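# Structural description and commentary
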Amino acid sequence: MRDGRVRVSRAAEEREVILSDLPAGLTFGELSILDDGTASATLHALPRTVVLSLSFADLTRILDDSPRTAAKFWRAIALDLRARLIQTNEV
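In short, a report on the structure.

Procedures and definitions
- Residues numbered from 1 in each chain as written.
- Predicted model: local features only at pLDDT ≥ 70, side-chain atom pairs only at ≥ 80, totals over all residues.
- Heavy atoms only, no water.
- Helix = DSSP H or I, 4+ residues; strand = E, 2+ residues; numbered from the N terminus.
- Contact = heavy atoms within 4.5 Å.
- Lys, Arg positive; Asp, Glu negative; His and termini not counted.
- Charge placed at Lys NZ, Arg CZ, Asp CG, Glu CD.
- Axes fitted to C-alpha atoms, helices over the stretch in contact; angles between N-to-C directions.
- Parallel < 35°, antiparallel > 145°, perpendicular 65-115°, else oblique.
- Nonpolar A, V, L, I, M, F, W, Y, C, P; charged D, E, K, R; others polar.
- 1 Å grid on protein atoms, 1.4 Å probe; cavity = no way out; pocket = protein on both sides within 12 Å on 5 of 7 lines; lining within 4 Å.
- Points joined across faces, edges and corners; volume = space filled by probe spheres on them.
- Salt bridge = Lys/Arg side-chain N within 4 Å of Asp/Glu carboxyl O.
- Buried < 20%, exposed > 50% of the residue type's maximum accessible area, 1.4 Å probe, protein only.

Now for the overall build of the chain. Summing up its helical and strand segments, the chain has 3 helices and 3 strands in all. Principal-axis analysis of the C-alpha atoms gives the chain an extent of 40 × 30 × 25 Å. Within the chain, residue pairs in contact and separated by at least 24 positions form 51% of the contacts whose partners lie at least 6 positions apart. On the chain, the mean spot of the 12 positive side-chain charges and the mean spot of the 13 negative ones are 8 Å from each other.

Let us look at the packing of helix α2 (residues 56-65) against helix α3 (residues 67-90). Close contact between α2 and α3 brings their axes to 5 Å; oriented N to C, the two are set at 120°. Judged by the angle between their axes, α2 and α3 are oblique. In this structure, α2 contributes Leu59, Ile62, Leu63 and Asp65 to the contact, and α3 contributes Pro67, Thr69, Ala70, Phe73 and Trp74. The class makeup of the residues in the contact of α2 with α3 is 7 nonpolar, 1 polar and 1 charged.

A few words now on the layout of surface pockets. Roughly 1,100 Å³ of volume is contained in the largest pocket. Taken together, 33 residues form the lining of the largest pocket, with Thr27, Phe28, Gly29, Glu30 and Leu43 sitting closest to its centre. Those elements that provide at least two residues to the lining of the largest pocket are β1 (6-12), β2 (15-22), α1 (30-35), β3 (42-45), α2 and α3.

Using the criterion set out here, one finds 1 salt bridge in the structure. Arg61 is paired through a salt bridge with Asp58; the nearest N and O atoms lie 2.3 Å apart. Taken as a pair, Arg61 and Asp58 lie in helix α2 at a separation of 3 residues, close to a single helical turn. Given a relative accessible area of 47%, Arg61 falls into the partly exposed group.

Structure below.
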C-alpha cells in the first residue's frame, strides 16, 4: 500500500463497524495467510491508495523456492504480529 490508507471494517449486528484506518506502508491479512483461511474483516482502499495483492498459492510458491526469502518473510510477519499484540494489550 502506498500514498493512502486502507479502512478495515467488520460486519456486526447488521451494520459495518470500522476497526481501524491503516496508514501507508502497513500490511494486513496476515492471519489468513497462516492457514489459507478466510479473511475476518473487509478492506476498503481510501482515495489515492494503491493496494497490492498476492494469492496464497503464489506466496507459497515464492517461499518454497527461496528459503532465505521465506525466513525474512516469516520473521517480518512474527514482528508485525508481536507489535499488534502489544498494541492490543495496551488498549
